[in-house]
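So the chains spell out like this:
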Amino acid sequence: MAAAITLAAEAPKLSSANTGFMLICSALVLIMTPGLAFFYGGMVRVKSTLNMLMMSFISMGIITILWVLYGFSLAFGTDSGGLIGWNSDWVGLSNIGLTDLWDGYTIPVFVFMVFQMMFAIITPALISGALADRVKFSAWALFVALWATVVYFPVAHWVWGAGGWAFELGVIDFAGGTAVHINAGAAALGVILVIGKRVGFKKDPMRPHSLPLVMLGAGLLWFGWFGFNAGSWLGNDDGVGALMFVNTQVATAAAMLAWLVYEKIRHGAFTTLGAASGAVAGLVAITPSGGAVSPLGAIAVGAIAGLLCAMAVGLKYKFGYDDSLDVVGVHMVGGIVGSLLIGFFATGKGQSDAEGLFYGGGLDQFWKQCAGVFAVLAYSLVASAILAFLLDKTIGMRVSEDDEIAGIDQAEHAETAYDFSGAGGGAARTTALPTAVAGANKKVDA
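Definitions and limits used
- Residues numbered from 1 in each chain as written.
- Predicted model: local features only at pLDDT ≥ 70, side-chain atom pairs only at ≥ 80, totals over all residues.
- Heavy atoms only, no water.
- Helix = DSSP H or I, 4+ residues; strand = E, 2+ residues; numbered from the N terminus.
- Buried < 20%, exposed > 50% of the residue type's maximum accessible area, 1.4 Å probe, protein only.
- Polar contact = N/O pair within 3.5 Å; in protein donor to acceptor, adjacent residues only side chain to side chain.
- Contact = heavy atoms within 4.5 Å.
- Axes fitted to C-alpha atoms, helices over the stretch in contact; angles between N-to-C directions.
- Left-handed = near helix turned anticlockwise from the far one by under 90°.
- Nonpolar A, V, L, I, M, F, W, Y, C, P; charged D, E, K, R; others polar.
- 1 Å grid on protein atoms, 1.4 Å probe; cavity = no way out; pocket = protein on both sides within 12 Å on 5 of 7 lines; lining within 4 Å.
- Points joined across faces, edges and corners; volume = space filled by probe spheres on them.
- Core = buried A, V, L, I, M, F, W, Y, C linked by side-chain atoms within 4.5 Å.
- Salt bridge = Lys/Arg side-chain N within 4 Å of Asp/Glu carboxyl O.
- Phe/Tyr/Trp six-rings, centres within 6.5 Å; stacked < 30°, edge-to-face > 60°.
- Expected span 1.5 Å × (residues − 1).
- Parallel < 35°, antiparallel > 145°, perpendicular 65-115°, else oblique.

The phi angle of most residues is negative, glycine excepted, and most peptide bonds adopt the trans form. Residue lysine 202 is not a glycine yet carries a positive backbone phi of 70°. Its identity as a non-glycine residue notwithstanding, alanine 414 has a phi of 55°, on the positive side. One can find alanine 414 in the loop between helix H15 (408-413) and helix H16 (425-431).

Relative to the assigned elements, alanine 411 resides in helix H15. Counting along the chain gives 192 residues from alanine 411 to glycine 219, while the straight-line C-alpha distance between them is 30 Å.

Positionally, threonine 252 belongs in helix H8 (residues 240-267). Residue classification places threonine 252 among the buried residues on the basis of a relative accessible area of 0%. Of the polar contacts made by the side chain of threonine 252, one reaches the backbone oxygen of threonine 248; its length is 2.6 Å. In contact with threonine 252, other than residues within four places in its own chain, are Trp222, Ala279, Gly282 and Leu283.

What follows covers the side chain of serine 26. Following the sequence through the fold, serine 26 ends up in helix H1 (residues 16-43). By relative accessible area, serine 26 is classed as buried at 3%. A polar contact of 2.8 Å, which involves the side chain of serine 26, links it to the backbone oxygen of methionine 22. When residues no more than four places from it in sequence are discounted, the contact partners of serine 26 are Val111, Val114, Phe115 and Met118.

As a packed pair, helix H10 (residues 295-312) and helix H12 (residues 327-345) sit with axes 9 Å apart at the nearest point and diverge in direction by 145°. For the element pair H10 and H12, the recorded crossing hand is right-handed. The segment H10 lies against H12, with Gly297, Ala300, Val301, Ile304, Ala305, Leu308, Cys309 and Ala312 engaging Gly329, Val330, Val333, Gly334, Val337, Gly338, Leu341 and Phe345. When its residues are assigned to classes, the contact of H10 with H12 shows 12 nonpolar, 4 polar and no charged.

Approximately 750 Å³ is the volume found for the largest pocket. Forming the walls of the largest pocket are 32 residues, and the residues nearest its centre are Leu273, Val313, Lys316, Tyr317 and Asp326. Looking at the lining of the largest pocket, the elements that each hand over two or more residues are H8, helix H9 (272-289), H10 and helix H11 (315-319). Here the lining of the largest pocket takes 5 residues from H8, the largest share from any one element. Along the lines of polarity and charge, the residues of the lining of the largest pocket split into 16 nonpolar, 6 polar and 10 charged.

Here the focus is the nonpolar core. Ranked by internal contacts, the top residues of the largest apolar core, which has 126 residues, are Trp67, Phe72, Leu131 and Tyr152. Here the element with the most residues in this core is helix H4 (residues 137-160); it accounts for 17 residues. With 5 residues, the next largest nonpolar core counts Ile172, Ala292, Ile342 and Ala346 among its residues.

If you walk through the whole model with that rule in mind, you get 6 salt bridges. We note a salt bridge from arginine 198 to aspartate 322, for which the minimum N-O separation is 2.8 Å. Placement of the pair is arginine 198 in the loop between helix H6 (177-195) and helix H7 (211-230) and aspartate 322 in the loop between H11 and H12, with a sequence separation of 124 residues. Aspartate 322 shares its class with arginine 198; the two are buried. A salt bridge links lysine 368 to aspartate 364; the shortest N-O distance between them is 3.5 Å. Within this pair, lysine 368 and its partner aspartate 364 are both found in helix H13 (residues 364-394), separated by 4 residues, close to a single helical turn. A single network of salt bridges, built from pairs that share partners, joins Arg45, Asp133, Arg198 and Asp322.

Take the packing of aromatic side chains next. Under the definition given, this model contains 29 aromatic pairs. Their ring planes at 55° and their centres at 6.4 Å tell us that phenylalanine 72 and phenylalanine 112 sit as a pair that is tilted. In this pair, phenylalanine 72 is assigned in helix H2 (residues 49-76) and phenylalanine 112 in helix H3 (residues 109-127), connecting sequence segments 40 residues apart. Considered together, phenylalanine 72 and phenylalanine 112 belong to a single accessibility category, that of buried residues.

Another aspect to go through is H10. Here H10 is 18 residues long and its end C-alpha atoms lie 25 Å apart, about the 26 Å a rise of 1.5 Å per residue gives. Restricting attention to buried positions, one finds in H10 the residues Gly297, Ala298, Val301, Gly302, Ala305, Gly306, Cys309, Ala310 and Ala312. Contacts from the buried residues of H10 go to H8, H9, H11 and H12.

Between H1 and H7, the shortest axis-to-axis distance is 7 Å and the interhelical angle comes to 155°. Classed by the angle they form, the pair H1 and H7 counts as roughly antiparallel. When you trace H1 past H7, the crossing you get is left-handed.

Set out below in structure tokens:
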């Protein structure tokens, strides 16, 4: 992610082309959150569908307000010790001119702000998939607000804010492998270790109730991810954004195919859930690395990520943590894989001149990537677990066991995803038919 933090004294001229491009990319990133809601919503049982949709949707409300009030300032304001930013002129966006440009770029500050807002929105929504079926909606909403403040805003500054320690170290994260995916995946692991397993975990079947919904969500994610990734170069002036666009498609395809091959060998079938999950794994892995690797490197990144993420999703059964929808296995593992592979596949001809091991650069970039990956993972894991523990001991994080068994949609939202109340009309009319007609109908049915 190209980033700077102060308004330039002599800014370049505003580019209407780059500004328009970035506004479109911002809208593409926003549509990823409803896409994620469909993806997760189809993967849960019927009785949890609406809750899953709402856990993503509410992030669009909470994070938008927090980002305007202080989040943008904390993430991209003037650096303090490499850990956090602050700019009082950005609080409430009250002192930003319409034509003030982001330092070193040809887009307005407002455009950069809103683009980054969409990243902040989807990141906590990613966590929700690990917590399906069992978390109070009010507790989740409060967790989102606290987590964004304590974890996401500082980590975004580390990785993308000028002066942030990871940014200054030279950690490469084009569009969010550490700040978004490892951050969210580690947070998911931290929370589920606190709140525990679903009732019936490893005993009851918990299959997706709507695979078409899953595929729709995966398609929307794939579509929106081009804005997520290609837009992160903040313009179209030098071809790096185009490279990222190509690599996003290439790696996603490779990961989907690798996941399906693994699935066929391991389980004997090519499943739609595997195709959707493999595509998301590829999108995750290319997010940090796509501006640094070649298209051939993107194939390698995607294939490796697809294989390793497919293997990783089964670890929850081995180690006993209930990651409901494989957030840890796909987002945390995929983010780690994509980030670390930069140390091997970076060509030095993309977003920077940093070269990986396979291009003569030795392991210098790999060790930088390790520093960023494991610092973000550790901080997010511990901080998220602490937040979940405090909420659980105060307002309570989980719904009651009875509500979980009966269905969280009814308990938390007083609604159901599918209303079949009119489906009995035909049956009722059949019982009122004369006996002879009813008998004829039975013969026809037979």
